[in-house]
Amino acid sequence: MAPSTRTADTRTLSGVLVGLTILGLALVVANVPSSPLRSGNLELFTIFVFPLAISLVAYVRFAEPVVWWEVALLAVWGGLSVAVTAFVGFLLTMGTSGGYPGVAVELARNIAMFLAATLGLGIPYGLAGKYRREHPRRTVVSAILALVVLFTFFSAVAIVAT
């Protein structure tokens, strides 16, 4: 019996998902205050952009035939979702005190924000990819709900972390 090419692709993409998640966590940890890699741009990239890339890989992993314009549309929607979530998250935490909480609290907050953004986009996008062929309406609803799930997870972490 010949091996299925779909199995190899899903295994490869599953490995890429795990690798990207581990790399994202490593970048968050490497961005502690005493690190030579310390950068505000790296922090923003890791917390906001990297989860979007992970969620797009999750969509491609579960979508049977990949249509690249759908991936591009999901990338734009995810970018808008991240922008809205970051803006509203800023407004939610605007009235808090500005004191530095310490290295451990900052690291825990950044890890929680990375995981919230990754799960908030990755779960709906993965479900959209899974339902793509059999239930196209569920795919659209799942992709649209990515904004709601991301906003909920990220806001919960932002409020708890303040």
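Just above sits the structure.
Residues numbered from 1 in each chain as written. Predicted model: local features only at pLDDT ≥ 70, side-chain atom pairs only at ≥ 80, totals over all residues. Heavy atoms only, no water.

1. Things to note about the side chain of E106
With respect to the secondary-structure elements, E106 resides in helix α4 (residues 103-131). Ignoring sequence-local partners within four residues, the contact set of E106 consists of P33, R38, E43, Y100 and P101. (Helix = DSSP H or I, 4+ residues; strand = E, 2+ residues; numbered from the N terminus. Contact = heavy atoms within 4.5 Å.)

2. A few points about the nonpolar core
The tendency in soluble globular proteins is for nonpolar side chains to be buried as a group. Formed by 30 residues in total, the largest nonpolar core has its most connected members in L56, Y59, L74, M113, L121 and Y125. Within the residue set of this core, elements represented by two or more residues are α1 (5-30), α2 (40-62), α3 (68-92), α4 and α5 (136-161). Of the residues forming this core, the biggest block, ten residues, is contributed by α2. With sequence-adjacent residues up to four places away left out, L56 is seen in contact with V71, L74, A75 and Y125. (Core = buried A, V, L, I, M, F, W, Y, C linked by side-chain atoms within 4.5 Å. Buried < 20%, exposed > 50% of the residue type's maximum accessible area, 1.4 Å probe, protein only.)

3. Comments concerning the environment of T96
With respect to the element layout, T96 can be found in the loop between α3 and α4. It is 29 Å that separates the C-alpha atoms of T96 and L145, two residues lying 49 residues apart in sequence.

4. Thoughts on empty space enclosed by the protein
In total, this model carries two cavities of 30 Å³ or more according to the counting rule given. Residue lining of the largest cavity: L27, V28, N31, L42, E43, T46, I47 and N110, and that is the complete set. Listing elements by their share of the lining of the largest cavity, those giving two or more residues are α1 and α2. The leading source of residues in the lining of the largest cavity is α2, at four residues. In terms of residue class, the lining of the largest cavity is built from four nonpolar, three polar and one charged. Its volume calculated, the second largest cavity comes out at about 30 Å³. (1 Å grid on protein atoms, 1.4 Å probe; cavity = no way out; pocket = protein on both sides within 12 Å on 5 of 7 lines; lining within 4 Å. Points joined across faces, edges and corners; volume = space filled by probe spheres on them. Nonpolar A, V, L, I, M, F, W, Y, C, P; charged D, E, K, R; others polar.)

5. A word on the packing of α3 against α5
Interhelical geometry of α3 versus α5 gives an angle of 30° and a closest axis separation of 9 Å. On the basis of their axis angle, the class for α3 and α5 is roughly parallel. Crossing hand, α3 versus α5: right-handed. Touching L74, W77, S81, V82, V84, T85, V88 and L92 of α3 are A143, I144, A146, L147, L150, F151, F154, S155 and I159, all from α5. Residues that form the contact of α3 with α5 fall into these classes: 14 nonpolar, three polar and no charged. (Axes fitted to C-alpha atoms, helices over the stretch in contact; angles between N-to-C directions. Parallel < 35°, antiparallel > 145°, perpendicular 65-115°, else oblique. Left-handed = near helix turned anticlockwise from the far one by under 90°.)

6. With respect to the packing of aromatic side chains
All chains considered together, the criterion is met by two aromatic pairs. On the numbers, 5.8 Å between centres and 65° between planes, the contact of F45 with F50 is edge-to-face. Of the residues examined, F45 reaches a relative accessible area of 37% and is grouped as partly exposed. With a relative accessible area of 8%, F50 lands in the buried category. Relative to F154, the ring of F48 lies with its centre 5.5 Å away and its plane at 45°, an arrangement referred to as tilted. Of the two residues, F48 sits in helix α2 while F154 sits in helix α5, which places them 106 residues apart along the sequence. One cation-aromatic arrangement involves R61 over F62; the distance from NZ or CZ to the ring centre is 4.5 Å. (Phe/Tyr/Trp six-rings, centres within 6.5 Å; stacked < 30°, edge-to-face > 60°. Lys NZ or Arg CZ within 6 Å of the ring centre and 35° of its normal.)

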